[in-house]
Amino acid sequence: MRQDESLILDMMLDGKPSRFVLGPLACLDLGRFVAHPPPVYVMDAKVAEKHPQWLEQVQEGCGDFRRAALKITGGEGAKTMARLEEVYGWLGEQDLSRDGTIVAVGGGSVLDMAGMAAATWRRGVNFVAIPTTLLAMVDAAIGGKTALNAAGIKNPVGVFHPASGILADCGFLASLPCLEWRNGLAEMIKTAIIGDPRLFAHLYHSRDRLTALVRDNDAAAPIPGVIGALPWRRWIGQAARVKARIVNQDFREQGPRRALNLGHTLGHVLEAWSQDTDRPLSHGEAVSIGMAVVFRIAAERGTCPVESAVQVIELLEACALPVSYRCPPPDVLDRLLAGDKKQSAREGLRWVLPERIGKMDISGRLAAPEIVKWLD
């Protein structure tokens, strides 16, 4: 992909068209996805603060004379019933009609919450996503899943509601804190493992350069010169292609889409449990640990090459992502696993277990002692 051209991926999700656009002017296409302007905007407050002129230009390009915007704090705290109720109240104040549009600007949590609002306000309104983090660009914005946290469990409440447009501009990533780069890399690595061995090889052979960027910088600060340091647009495009292909095949997650949960079953347990500790895990950190554990288990069973497991763990560590964690108490582990949204009354909990880079078993079974052994 040339620097001056956009990547466009078209999907048909549940009978509705959804288009992913990646490029330096992608956001200026917003008007194409808003049938009846002006839309309303739900924005991450930090993104709005750091990119005010660009966001104003995006809004003006949509013919927006009102530009009603609700600015909220991102992160997992955005994904609550209380925050959703606040958004409903604001949508009522804006008198957003059934043919209106909600445009979400932010990372995965803001997109999740705004997408949930779009899916349920007046029984569903048009939704457009402008992802501003690496994680959101390669994963959260694509595929139409929306979810909130509840009952101490990660993402048990949600619906499928695909965005009509996903407009990704790498320019937003220049102000991204180092920790958020690590979170996004966890999802990019996951996607490469599932469906693009060439992307995985590129990432693995770039691990020294990745280490210099994301391990040796302050986690809370942006990384100087990060955008030009590695071929991010190409990598984001490759990861987006994988996810777009999978969700296009299996929107409702009845088969192949389950592979995208690699590392997430245990990861969600650890992420939820850690929120009440002195060191809460971010989403990417939790998924990284989950992937490391299932690769260790598969390698011990002999169902995955040891070399693949070693390479995955080396790459995760190169990106300053954790690969082990203390195990929750057995009763807590059992309770949180039982609350997993993928739990089936008939089949129980199915795990995604690697067979090799590019091939997953989406109906794996794990015993608690295996988890405990390879987690801590």
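For the structure, check the block above.
If you're wondering where the values come from, they're calculated on a predicted model, not measured in any experiment.

Enquirer: What exactly am I supposed to notice about the overall build of the chain here?
Expert: Broken down by element type, the chain carries 14 helices and eleven strands. Relative to its length of 376 residues, the chain is compact, with a C-alpha radius of gyration of 20 Å against a globular reference of 21 Å. The principal-axis extents of the C-alpha atoms in the chain amount to approximately 60 × 45 × 40 Å. Here the chain holds 376 residues, and the buried ones make up 58% of them. Of the roughly 15300 Å² of accessible surface on the chain, a fraction of 51% belongs to carbon and sulfur atoms. For the chain, the separation between the mean place of its 43 positive charges and that of its 43 negative charges on side chains is 4 Å.

Enquirer: Explain the sheet that holds strand β2 (residues 16-22) here, please?
Expert: Sheets are built from strands that pair by backbone hydrogen bonding, the pairs being arranged parallel or antiparallel. An order of β1-β2-β9-β6-β5-β3-β4 is seen for the seven strands of this open sheet, with the pairing classed as mixed. The sheet terminates laterally at β1 (7-13) and β4 (69-72), the two strands that pair on one side only. Ignoring strand direction, the axes of neighbouring strands in this sheet form an average angle of 15 degrees. Taken together, the six bridges between strand β5 (residues 101-106) and strand β6 (residues 126-131) define a ladder with parallel strand orientation.

Enquirer: For this particular structure, what's the right way to read the pairing of strand β3 (residues 40-44)?
Expert: When you tally the buried positions in β3, you get five out of five residues, the bulk of the element. The side-chain alternation of β3 yields two buried faces, one formed by V40, V42 and D44 and the other by Y41 and M43. One ladder, built from four bridges, connects β3 with β5; its direction is parallel. Bridge assignment links V40 to a residue of β5, and that residue is I102. In the sheet, β3 pairs with β4 via four bridges, with the strands oriented parallel. Bridged to D44 within β4 is I72.

Enquirer: What am I meant to see in the packing of aromatic side chains here?
Expert: In this description, an aromatic ring pair is defined by two values, namely the gap between the centres and the angle between the planes. Taken as a whole and assessed by the stated rule, the structure comprises six aromatic pairs. Considering the side-chain rings of W181 and W232, the 4.6 Å spacing of their centres and the 50 degrees angle between planes classify their relative orientation as tilted. Placement of the pair is W181 in helix α6 (residues 178-195) and W232 in helix α9 (residues 232-249), with a sequence separation of 51 residues. Using a relative accessible area of 0% as the deciding quantity, one classes W181 as buried. Geometrically, the ring pair formed by W232 and W235 is edge-to-face, given 5.5 Å between the ring centres and 85 degrees between the ring planes. Taken together, the positions of W232 and W235, both in helix α9 and three residues apart, correspond to about one turn of that helix.

Enquirer: It is not clear to me how the pairing of strand β11 (residues 359-364) should be interpreted in this structure. Could you clarify?
Expert: The side chains of a regular strand alternate between the sheet's two faces. Where strand β10 (residues 351-356) meets β11, four bridges bridge the pair, whose relative direction is antiparallel. Residue pairing across strands places R356 opposite K359, the latter belonging to β11. Hairpin connection of β10 to β11: two residues between the antiparallel strands, including G358 at a positive phi of 100 degrees.

Enquirer: Explain helix α8 (residues 207-214) to me, please; I cannot follow it from the model alone.
Expert: For α8, every residue scored as buried is listed here: L210, T211, L213 and V214. Along the long axis of α8, the arc covered by the buried residues comes to 165 degrees, so they all point the same way. Tucked inside the fold, the buried residues of α8 contact α6, α7 (197-205), α9 and α12 (306-318).

Enquirer: Would you take a moment to explain the nonpolar core for this structure?
Expert: Note on soluble globular proteins: their nonpolar side chains tend to be buried together. In this structure, F20, L91, I102, M188, I193, W232 and I236 are the most contacted members of the largest nonpolar core, which totals 116 residues. By residue number, the principal contributor to this core is helix α11 (residues 283-301), which donates eleven residues. What I236 contacts, discounting residues up to four positions off in sequence, is L22, L134, M137, V138, C170, L173 and M188. Formed by 20 residues, the second largest nonpolar core is a distinct cluster that contains F33, V103, V105 and I130.

Enquirer: What exactly am I supposed to notice about helix α14 (residues 368-375) here?
Expert: Helical geometry: 3.6 residues make up each α-helical turn, so side chains three or four residues apart lie on a common side. Within α14 the residues assigned to the buried category are E370, I371 and L375. With its buried residues spanning 115 degrees around the axis, α14 presents them on a single face. Its buried side turned inward, α14 meets α10 (264-274), α11, α13 (330-338) and β10.

Cut-offs used in this document
Residues numbered from 1 in each chain as written. Predicted model: local features only at pLDDT ≥ 70, side-chain atom pairs only at ≥ 80, totals over all residues. Heavy atoms only, no water. Helix = DSSP H or I, 4+ residues; strand = E, 2+ residues; numbered from the N terminus. Rg over C-alpha atoms; globule rule 2.2 N^0.38 Å. Buried < 20%, exposed > 50% of the residue type's maximum accessible area, 1.4 Å probe, protein only. Areas by Shrake-Rupley, 256 points an atom, 1.4 Å probe, with all protein chains shown as cover. Lys, Arg positive; Asp, Glu negative; His and termini not counted. Charge placed at Lys NZ, Arg CZ, Asp CG, Glu CD. Pairing = 2+ DSSP bridges. Axes fitted to C-alpha atoms, helices over the stretch in contact; angles between N-to-C directions. Phe/Tyr/Trp six-rings, centres within 6.5 Å; stacked < 30°, edge-to-face > 60°. Arc of directions from axis to C-beta. Contact = heavy atoms within 4.5 Å. Core = buried A, V, L, I, M, F, W, Y, C linked by side-chain atoms within 4.5 Å.

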